[in-house]
Amino acid sequence: MSEHDQDQPATEEPDAASGDAASGEDCLFCRIVSGELSADLVHQDDDVVAFRDIQPKAPTHVLVVPRRHVRDWSDTARHAPELGPALLRGVADVADALGLEHYRVVANTGEKAGQSVFHLHLHVLGGRPMLWPPG
Ligand code: AMP
């Protein structure tokens, strides 16, 4: 990665492929991070916010979201890699807070992989056995 890449802001223009909105008032998770929309928070720190998924796919289903708007895994890796440790720590903090010893972490990346909200989020799923492959 070049220094130039790291200097670029994370994606803030709509992506032509998916038509997703940029950050701010058009982004659902930015609105949760800002407190404009309520969510069932389980953890937050300076870098991440974690809240329960509104349509849980497991007894425990929490989303770990960076406060900063980044579109997806690739956008984060290319333009905001410094968020990596905070995301790792955020997931572990959620697991600690909820007493999860066995859990799965998922980052759907792109529409065909199941991403529907284009603000990076890590799904933390637990409370039941997890199948593999995931389907
Ligand atoms: P993905 O499909 O991987 O982009 O995940 C987006 C997740 O956000 C889905 O599991 C949704 O159920 C969840 N979701 C959508 N709106 C909300 C909301 N207002 N509060 C909490 N979770 C939400």
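Predicted model, so just to flag it, every value in this text is computed and none were measured. (Residues numbered from 1 in each chain as written. Predicted model: local features only at pLDDT ≥ 70, side-chain atom pairs only at ≥ 80, totals over all residues. Heavy atoms only, no water.)

This part takes up the overall build of the protein chain. A count of helical and extended segments in the protein chain gives four helices and five strands. Listing every helix and strand of the protein chain by position from the N terminus yields α-α-β-β-β-α-α-β-β. For the protein chain, buried positions account for 38% of its 135 residues. Taking contacts inside the protein chain between residues at least 6 apart in sequence as the whole, the part at least 24 apart equals 58%. Roughly 8000 Å² of accessible area belongs to the protein chain as shown, and the carbon and sulfur atoms make up 51% of that amount. (Helix = DSSP H or I, 4+ residues; strand = E, 2+ residues; numbered from the N terminus. Buried < 20%, exposed > 50% of the residue type's maximum accessible area, 1.4 Å probe, protein only. Contact = heavy atoms within 4.5 Å. Areas by Shrake-Rupley, 256 points an atom, 1.4 Å probe, with all protein chains shown as cover.)

This paragraph deals with the pattern of salt bridges. Inspection of the entire model under this criterion finds five salt bridges. Glu36 is the salt-bridge partner of Arg31, the closest N and O atoms lying 3.1 Å from each other. A salt bridge links Glu82 to Arg68, with the nearest nitrogen and oxygen atoms 2.8 Å apart. Highlighted residues: Glu82 in the loop between helix H3 (73-79) and helix H4 (84-98) and Arg68 in the loop between strand E3 (60-66) and H3, separated in sequence by 14 residues. A relative accessible area of 32% places Arg68 in the partly exposed class. (Salt bridge = Lys/Arg side-chain N within 4 Å of Asp/Glu carboxyl O.)

Neighbouring residues of the ligand: 17 residues in total, closest Asp53, Asn108, Gly114, Ser116 and His123. At a separation of 2.8 Å, an oxygen atom of the ligand approaches a polar side-chain atom of Asn108. Ser116 places a polar main-chain atom, nitrogen or oxygen, 2.6 Å from an oxygen atom of the ligand. Surface burial for the ligand is 85%, taken as the share of its 510 Å² of free accessible area covered by protein chains. Judged by the proximity of its atoms to the pocket grid, the ligand belongs to the largest pocket. Counting residues per element, the ones that place at least two in the shell around the ligand are helix H2 (28-34) and strand E2 (48-52). Among the residues forming the shell around the ligand, the class breakdown is seven nonpolar, seven polar and three charged. (Near = heavy atom within 4 Å. Polar contact = N/O pair within 3.5 Å; in protein donor to acceptor, adjacent residues only side chain to side chain. 1 Å grid on protein atoms, 1.4 Å probe; cavity = no way out; pocket = protein on both sides within 12 Å on 5 of 7 lines; lining within 4 Å. Sits in = over half its atoms within 2 Å of the grid points. Nonpolar A, V, L, I, M, F, W, Y, C, P; charged D, E, K, R; others polar.)

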